[in-house]
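Here is what each chain is made of, one letter per residue.
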Amino acid sequence: MKRGLSVAVLLFAVAFGTVGEAEVYKLTGPDGRVTYTDSRSEGGINTKVEVVETGSYAGEAELAPIGEAAASRKVTIFTTEWCGVCRKAKSYMASQGIAFDEFDIEKSRSARSRFDKLGARGVPVILVGKEKMTGFSAGKLKAMLDRAGI
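Residues numbered from 1 in each chain as written. Predicted model: local features only at pLDDT ≥ 70, side-chain atom pairs only at ≥ 80, totals over all residues. Heavy atoms only, no water.

A. Spotlight on the overall build of the protein chain. When you go through the protein chain residue by residue, the secondary structure sums to four helices and eight strands. Listed N to C, the secondary structure of the protein chain is α-β-β-β-β-β-α-β-α-β-β-α in terms of helices and strands. A separation threshold of at least 6 residues defines the contact pool for the protein chain, and within that pool the share at least 24 residues apart is 60%. Put simply, the protein chain shows about 9200 Å² of open surface, and 54% of that area lies on carbon and sulfur atoms. (Helix = DSSP H or I, 4+ residues; strand = E, 2+ residues; numbered from the N terminus. Contact = heavy atoms within 4.5 Å. Areas by Shrake-Rupley, 256 points an atom, 1.4 Å probe, with all protein chains shown as cover.)

B. Local environment of the side chain of Asp 104. Along the chain, Asp 104 falls in strand β6 (residues 101-104). In this structure Asp 104 is buried but unpaired, with Lys 107 as the nearest side chain of opposite charge at 4.3 Å. In this structure the side chain of Asp 104 is engaged in a polar contact, spanning 2.8 Å, whose partner is the backbone nitrogen of Glu 106. Once residues within four sequence positions are removed from consideration, Asp 104 is found in contact with Thr 79, Thr 80, Glu 81 and Ala 111. (Buried < 20%, exposed > 50% of the residue type's maximum accessible area, 1.4 Å probe, protein only. Lys, Arg positive; Asp, Glu negative; His and termini not counted. Salt bridge = Lys/Arg side-chain N within 4 Å of Asp/Glu carboxyl O. Polar contact = N/O pair within 3.5 Å; in protein donor to acceptor, adjacent residues only side chain to side chain.)

Below is the structure:
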C-alpha cells in the first residue's frame, strides 16, 4: 500500500509540479527498475541517477510569424508526453473550450517533420493563424486567437 501511495504521489508531482522545471531524471534502481522524475533526490543509495536531455521550453513564451503554408484557422500544438508546460497549455485550452489538434513529436514522424520545418527547438509549440508560440502564456494565446478571429 505504501509503495502504491508513493507512486501516486510521484505521478501527481510529475504531472502537476512546477512548470518551470526543465530537468528530468532517469532513476535506475538496483533491481533494474527505471523511473523518470523531476527530483534528483528520490533515488536511494544504490540508485543510478542520470539527467535526461529534454527539449521542453520553460522560458517566457515567444511569438513569431509563420509562413502562409502553415497558417490555419485551427489551433495546433506540438507536444511530448513528459512536458509539463505542454500539459499546462492543453489543460488551459480544454478549460476554455478551445479546440486544438495535438501532435506528439516523439510518437509521430510526420509531426516531428512538421515541427522541424517550423524551426522549433522545444515544446510546446502552438500555431494559431499566422503565428507560432514557443512555450505557453494564456494571455499571449488569447491575443493570438483574437488576431486570428478564432
